[in-house]
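# A structural walkthrough
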Amino acid sequence: MHWRSIWIRPNHPGMLPEWSRESTSSIISGLPTCAYFIGCLVGGLVLGSLADSYLGRKKLLVISCVVMSLGGGLSAFSTTMLAYSCLRFVSGIGRGSIMTCVLCLSTEIVGKRWRGHVSLIAFSSFTLGFLLLVATAYALQDSSWRIVYVATTIPAFPYAMVVYFLVVDSPRWLFLHGNHEEAILVLVRLLQADLYSTKSLTSMFYRVRIVQETTDIANKYSAITHLVSKRWATQRLILVMMMGFGVALVYIGMPLGVGELGLNIYLSVASNTLIEIPASVITFFLVNHLCRRSTILLLTTLSAIFSITCGIAHDKMEGWGIIGLELMSYFTACTAFDFFLMYVVELFPTCIRNTAVSLVRQGIAIGSVFSPIVVALGKDSSLLEYGILGLAIGLSGLLVVFLPETRGKAMCDTMEEQEHMEIDSNDNGTRDLL
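Sequence order sets the numbering: in each chain, residues are counted from 1 along the sequence as written. Local features in this predicted model are restricted to residues of pLDDT 70 or higher, and side-chain atom pairs are both shown and tallied only at a pLDDT of 80 or more, whereas totals for entire chains, interfaces and linings draw on every residue. Each side-chain value is derived from all of the structure's non-hydrogen atoms; neither hydrogens nor water enter the calculation.

Of the two site types, the cavity is a set of points on a 1 Å grid over the protein atoms alone where a 1.4 Å probe fits but cannot get out, and the pocket is an open set with protein on both sides within 12 Å along at least five of seven lines, each lined by residues with an atom within 4 Å of a point. Grid points are joined across faces, edges and corners, and a volume is the space filled by probe spheres set on the points. Under the defined criterion, the tally for this structure stands at 1 cavity of 30 Å³ or more. Considering only enclosed or pocket space, the largest cavity measures out at about 60 Å³ in volume. For the largest cavity, the lining is made up of 13 residues, of which Glu-346, Thr-406, Lys-409, Gln-418 and Met-421 are closest to its centre. Numbered from the N terminus, helices here are DSSP runs of H or I no shorter than four residues, and strands are runs of E no shorter than two. Those elements that provide at least two residues to the lining of the largest cavity are helix 19 (320–347) and helix 22 (415–424). It is helix 22 that contributes the most residues to the lining of the largest cavity, 3 residues altogether.

Attention shifts here to the nonpolar core. Counting 61 residues, the largest nonpolar core has Val-240, Phe-340 and Phe-348 as its most contacted members. Contributing elements (two or more residues each) for this core: helix 7 (98–108), helix 15 (231–257), helix 18 (292–313), helix 19, helix 20 (350–377) and helix 21 (382–398). Here this core gets 18 residues from one element, more than from any other, and that element is helix 19. Any pair of residues with heavy atoms lying within 4.5 Å of one another is described as a contacting pair. Aside from chain neighbours lying at most four places away, what touches Phe-340 is Val-240, Met-243, Gly-244, Ile-296, Val-360 and Ile-364. Buried residues of nine kinds, namely Ala, Val, Leu, Ile, Met, Phe, Trp, Tyr and Cys, make up a nonpolar core once their side-chain atoms join them within 4.5 Å. Accessibility here uses a 1.4 Å probe with only protein chains present; expressed as a share of the type maximum, an area under 20% marks a residue as buried, one over 50% as exposed, and anything in between as partly exposed.

Angles shown run from 0 to 180 degrees and are taken between the N-to-C directions of axes, each axis being a line fitted to C-alpha atoms and, for helices, limited to the stretch in contact. The contact between helix 3 (residues 31–48) and helix 6 (residues 81–95) brings their axes to 6 Å, and the two run at 30 degrees. Considering the angle they form, helix 3 stands roughly parallel to helix 6. In the packing of helix 3 onto helix 6, the handedness of the crossing is right-handed. Counted together, Leu-31, Pro-32, Ala-35, Tyr-36, Ile-38, Gly-39, Cys-40, Val-42, Gly-43 and Leu-47 of helix 3 and Met-81, Tyr-84, Ser-85, Arg-88, Phe-89, Ser-91, Gly-92, Ile-93 and Arg-95 of helix 6 form the full contact between these two elements. Angles are sorted into four bins: roughly parallel if under 35 degrees, roughly antiparallel if over 145, roughly perpendicular if 65 to 115, and oblique for all others. Throughout, a crossing is termed right-handed when the near helix is turned clockwise from the far one, and left-handed when it is turned anticlockwise from it by less than a right angle.

This is the structure in structure tokens:
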């Protein structure tokens, strides 16, 4: 086949028609997707800790965007299934730490009053990106899949440049790692302070007694060691990873299964994507007024009820009735997902926050891997599919009762500061420390 023809011919929407000889096995044809998710897992584990101990949030965000774009863009030039799978793996490595860096960086440059709001802006941007992806795929549906890859990966390069030149790094991370002057300059830039305020701010910072960490900052993966060295931090991490798995199973699985509900696939996917907007808007206005634990518990319970009801009523209802139940389950799951990610950011101090959130993202990624399997069960039994989804999010939501409340509390920078704050805020000493 001539190289130019694979770019201009419209009859190559996927990998199988072009590489049919290599993709006769279902295992081989699924290799690129598996490679991408494995890359996300590796990227989250390997790169996530570097944002806490070595690179910082901003530098890792720029590097991750470039790696993801290069892997995705070069995928368009693949000529074999193996080359394509390897490049999807590279793209996944970059993708694995982007959302984590965005969450941590955005919440660490604002005070607790605006912490929830900036988190919601990040979630809304993800939804907007997904809508643009659907629109791009629809507009290029008669083009080669290679054109779609190029069109969707190019925007990440200017984004990386904007972050590098215009976005500041976390002043919390800078100050914690001894970069006091740079941290002060970042705060001055954020506050738009004058010369007198700058001098006052500098004097105030040098009078503050900072609790020093005992970990070796020179060790690039010291954050992981620090995380597992504290029993309460390890147990919190395990619980939120289990919660992330259950919530992600519904958050990813619901849109994958809408094609089995009888409506047009484009309309169904668009409805599920658009429902995330009111979920984000409601969370934006209520985030400072609602407790994290009770809200997550209520939303996951409602999502479980709607999901199980959808499975039971699937054979008795049709059209928008059954879609309505599915959308209500997905709506409550989306809102719970928004609150959950904010909650995770608030649970851990600056010195391990990016590492902890990255590991939680791995739990979410594992849930994403299992969600297509659960959806595949719906071809034989809708009750089995939606029953599993409902039980998963319902049981995962119950785990929040074993975690402390974070609403209205300041974000800590060190492990010792986190322990002291929670002990001081509780009359029974360490009851809030799991």
